[in-house]
Amino acid sequence: MLALKLALRNLLGAGLRTWLNVIVLSFSFIIIIWTKGLLAGWDRQARNDMIEWEVGQGQYWQSNYDPYDPFTLNESHETLPESYRSAAEANLLVPVLITQGSIYPQGRMQPVLIKGIPPEQQLLKLPTGLLSSDDGDIPGILGKSMAESTGLSEGDYVTVRWRDRNGTFDATEVRIAGIFETTVPSVDVGQVWLALEDLQKMMLMPGEATILVRGSNAVALPADEAWVVKEQKELLSDIENIIKAKGMIGVIIWGILLMMAMLAVFDTQVLSIFRRQKEIGTYIALGMTRRQVVGLFTTEGAMHSVLAALVGALYGIPLLTMQALRGVAIPVSSSDFGIAMAERLYPVYSLSLIVGTVLIVMIVTTIVSYWPSRKIAKLNPTEALRGRMQ
Amino acid sequence: MKKLITILLLTCSLMTVSAQYPDGKQLLERIDRNMSSENRIFTSSMIIYGRRTTHTVKMKTWTAGEKKSFTEYLFPAREQGTKMLKLEEQLWIYSPSTDRIIQIAGHMLRQSVMGSDLSYEDLMEDNRLEGQYDAKVTGTEVIDGNQCWVVELKAVVPEIAYQGMKLWVDQERNIPLREEMYAKGGTLLKRTELSDVQRIGNRWYPRKILFRDMLRDGKGTEFLIEDIEFNVQIPEHIFSKASLKK
Amino acid sequence: MIRFLFKGLIRDRNRSLLPFLVTAIGVMLTVVFHAWITGVINNSIEFSARFSSGHVKIMTQAYADNAAQTPNDLAIIGTDTLLEAVSAAYPEMDFASRIYFAGLIDVPDSTGETRAQGPAIGIAIDLLSGNNEEKERMNIPSSLRRGRLPATGKEALLSDEFAGKLGISPGETFTLVGTSMLGELTMYNFILSGTVDFGTTALDRGTLIADLSDVREALNMADAAGEVLGFFKSGVYAEEEAIEISERFNARYFSEDDEFSPVMKTLSMQNNMGFLVEYSGKLQNILIAVFILAMSLILWNAGLLGGLRRYGEFGMRLAIGEEKSHVYKTMLLESLIIGFFASVTGLAFGMLIAFYLQEKGVDLGMMMKNASIMMPRVFRAQITPWTWVAGFIPGFLSTQIGTMLAGAGIYKRQTAQLFKELES
């Protein structure tokens, strides 16, 4: 305890030099926590968005369905089993029917996926409420990037052509009831959303669906041969890999920041020991063992990081909190490649992140503080007392 | 009250007029007699008016009934020797450059044939009208100086590409001069204009057909029959995959 | 004078070694940090550039309007002449034609009939001309999973998972069924030379990479290409230059009335890239500013420490009659010498490391499952002119400021006190 107090007093006594180090160390803290928080925030956001817009708590796929092979779509629709249907009625399961068709914006044909979803569903964030219509027309909703690539806007009518289950051509005007903004390209690009019942009628597929999205509190459903369970984790694996890769880039940045902090503490420690030999001699003369003196100096050095944590907290907490609340504007760069990325990221600072970072910086600081201090153990106390350099 | 009487009178007069129209079913039979045949061999050119260029494809086709057809491309050089075999609902294509026979399935069937307004599916559709559609003559119109019956067709079988059609049938020659294909919901999808009608053997046949996909911008695709023979004996081996590679 | 001080510094290592080392290491870290941050931040822009947008991209106007669908019927015709013209007109850029297309991959059985079939996204780039730029841009060599890169015509790559699904191995033949520029159905045989990993499901499920000349033949696109991409030879996207080049290009080639006239778009004009460019710059500046600030503080401290170390010596010098101002001046001069040499050394080592990181990159592969095209595992630093400046600011200026502040103590303290420090 005495050592701690002494160390603190010595440290504060050094004035500007200590504070410069402390500020540098606190920068390391904050930047590491901030960048890691940003990544964690991105991770959480991307997962949340994927879950909220598309994945739910996992899905059931009609056994022929393969999202990357449009050939399978003709055969991948199925009537829901009884138990599934009651789950759907209880809003625990959202059935989505997926079919192929063409739209004709500006007289140019464009193949699209037509997806039907119940307007009253609450599980997914899609603004499906817009899909309910009383006046007989067929409302549809589009994602923003689809709207941009087709030049359609709200209130427009667009011709949609499809072939029903018998192969009969049909076409109708779909009224664009709304355009939604989402970070999840896989519910946006190349597709039009209609009300499930409308699409089922259009396709002559009453009561059928292609995939079923599980709600958060969905009860376990009995296994059914026609429906394959897709766990949430599996559906999110792409995004996880990308974020892991981004994290790797950070490792080097964090490494450099730590080295910088080490440099600062190391230099200070070397000077302390050089200049305070007389003091060291005195300590030993007063009966402290050399190990205790080494301990004292190491504690002094390591205490930089404690002070840094406090100083960092002083300006870091308001700064990081503000960021976490207001978010950080981030460009949508990956949307072309099918990865969800929000325009605004909210960094997430978990307790383990903060504690972990503080611990790592402290440990590293302690090691670099200890390293030059070992020299003390080799000092001849009488010489040291006299201030002779060795 | 006055209005009601007018409407009643009008309806009556319409009914009396319709009584003079030919029976739809018979009309379809007469059309089919001209347009369809047990089998045929013909050479045709397809002129495709694209957004950017116009190009021509020439081919020779053998068909037997509605289910079998074999086509060989003659022009341009690039397509020469490409062959297409249609049996029932299946389509195979052979290209000499790859020496491969590939079965076309799924959404590839919806691709247009050689960039035209016709898809492979269109080619594969059964084109006999009688038995597939209920026809009703609804009026008369003149097309290119020819008095035509306007005939509305409604599909009677479920598995059919176009549920509704409208034909303008030449009253004298019993051949449609214009056809319109409608979606189930009533949207006009395609229009074909048939012209240059000539006497071939004991039937009338159009030598020029213009296809237009009405949902798309563009001038459509012109189909010219250069040479046609009806009801000739076609050896069965033509309609086999083996003949694709020959 | 300088020679005298220099000798002193070399002979008394106490005076020089530690400050020298600290400054040198500090400068080195700054240089590496700067290059790394610049590199990885530009990586994401560069990635989009390499994979799809180029630093600039030339398309026909009609193609550009429907770019999301890569409508090859609206492709640029006469790319060879165009390529020649733009290469001459904009020597600061490399240009490359590409075709993105969709098709069907069909694998034959022993009799030549369809054994397996699957839809594919196709990417046609220059693989065979002997110029390796496009391969490297797409990160193809390091993403190779099986087999080898195409070496002659009619060879192509498939995504590994796709090849597995189709049951085809390197050396076997498959057929691409596609749509030509005129809309004809076309067929073309390829020999699978190897397979690659992309790292995202969408592309792993069905992608074909083939040489431009083969695809041109396959899709009847002689002398045509959907897109012509331009890349700065420096390897770095420069917004202003790109805009300037595109303006010059469009003034010359683009015509309102001809929907097939070529139009050049910069990276920032495509998709949401504009925001990315702007934002990346900001993020980079923040990180670098904070780091330089921190490093300045350290080196300031180092200067301070360097001065403090020598208070005893100064006391002695003052005692034997040296002027305070002279002591101060020599001290500054000494630190100037140390700062200079340390900065140069740090810069040299830092640049060496940064250069290595730029050329070889850091292979983070051991921490990731597999390398792939969409997730490159080698990350690279990037040296820009600013890297040099960034290294010098903290290295040189900060040590000087530190020394100046520490030296100020000479004026504050009595000679006797300083002298006493000599004893301690």
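Residues numbered from 1 in each chain as written. Chains lettered and ligands numbered in written order. Predicted model: local features only at pLDDT ≥ 70, side-chain atom pairs only at ≥ 80, totals over all residues. Heavy atoms only, no water.

**With respect to the confidence of the model for chain A**
Residue and element names in this part refer to chain A.
(1) Moving on: For chain A, per-residue confidence averages 82 on the pLDDT scale, and residues scoring 70 or more make up 92% of the total.
(2) Moving on: Put simply, strand β12 (residues 328-329) is where chain A has its lowest mean pLDDT, 67, and strand β8 (residues 191-195) is where it has its highest, 95.
(3) Moving on: In this model, residues 332-340 is a region of pLDDT below 50 whose contacts with residues beyond four sequence positions or in other chains number 28 contacts. (pLDDT = per-residue confidence, 0-100. Helix = DSSP H or I, 4+ residues; strand = E, 2+ residues; numbered from the N terminus. Contact = heavy atoms within 4.5 Å.)

**Considerations on the domain arrangement of chain A**
Accessible area lost on assembly of the parts is the figure often given for the size of an interface.
(1) Moving on: When its domains are assigned, chain A resolves into domain 1 (2-52 + 238-386) and domain 2 (59-230).
(2) Moving on: The C-alpha-based centres of domain 1 of chain A and domain 2 of chain A are spaced at 51 Å. (Domains from an automatic or database assignment.)

**Comments concerning the side chain of Ser305 of chain A**
Residue and element names in this part refer to chain A.
(1) Moving on: Topologically, Ser305 is positioned in helix α9 (residues 290-326).
(2) Moving on: Among the residues examined, Ser305 registers a relative accessible area of 1% and is labelled buried.
(3) Moving on: When sequence neighbours within four positions are dropped, the list of residues in contact with Ser305 reads Leu25, Phe29, Val361, Met362 and Thr365. (Buried < 20%, exposed > 50% of the residue type's maximum accessible area, 1.4 Å probe, protein only.)

**Observations concerning the environment of Met187 of chain C**
(1) Moving on: On the secondary structure map, Met187 of chain C appears in strand β8 (residues 185-196).
(2) Moving on: Since its relative accessible area comes to 7%, Met187 of chain C is described here as buried.
(3) Moving on: With near-sequence residues (within four places) excluded, Met187 of chain C lies in contact with Ile93, Tyr94, Ser95, Ser97, Thr98, Arg100 and Ile102 of chain B together with Thr175, Leu176 and Val177 of chain C.

**Remarks on the interface of chain C and chain B**
(1) Moving on: Across the contact, 35 residues belong to chain C and 24 residues belong to chain B.
(2) Moving on: Roughly 2300 Å² of surface becomes buried between chain C and chain B when both sides are summed, with 51% attributable to carbon and sulfur atoms.
(3) Moving on: The tally of links from chain C across to chain B stands at two salt bridges.
(4) Moving on: Note that Arg100 of chain B is salt-bridged to Asp106 of chain C, the shortest N-O span being 2.3 Å.
(5) Moving on: Run the count over chain C and chain B and you get nine residue pairs in polar contact (both at pLDDT 80 or more).
(6) Moving on: Breaking the side of chain C that touches chain B down by element, the ones donating at least two residues are β2 (76-77), β3 (93-108), β4 (114-125), β7 (173-179), β8 and α8 (212-218) of chain C.
(7) Moving on: Here the side of chain C that touches chain B takes five residues from β8 of chain C, the largest share from any one element.
(8) Moving on: Of the residues belonging to the side of chain C that touches chain B, the class tally is 17 nonpolar, 12 polar and six charged. (Buried area = accessible area lost by both parts, 1.4 Å probe. Salt bridge = Lys/Arg side-chain N within 4 Å of Asp/Glu carboxyl O. Polar contact = N/O pair within 3.5 Å; in protein donor to acceptor, adjacent residues only side chain to side chain. Nonpolar A, V, L, I, M, F, W, Y, C, P; charged D, E, K, R; others polar.)

**Digging into the pattern of salt bridges**
(1) Moving on: Throughout the structure, instances matching the rule amount to 26 salt bridges over all chains.
(2) Moving on: A salt bridge links Glu193 of chain B to Arg178 of chain B; its shortest N-O distance comes to 3.6 Å. With a gap of 15 residues between them, Glu193 of chain B in strand β11 (residues 188-200) and Arg178 of chain B in strand β10 (residues 176-182) connect regions that are remote in the sequence.
(3) Moving on: Exposure remark for Glu193 of chain B: the relative accessible area of 27% places this residue in the partly exposed category.
(4) Moving on: Several salt bridges converge on common partners, so that one network encompasses Asp66 of chain A together with Glu161, Lys165 and Arg205 of chain C.

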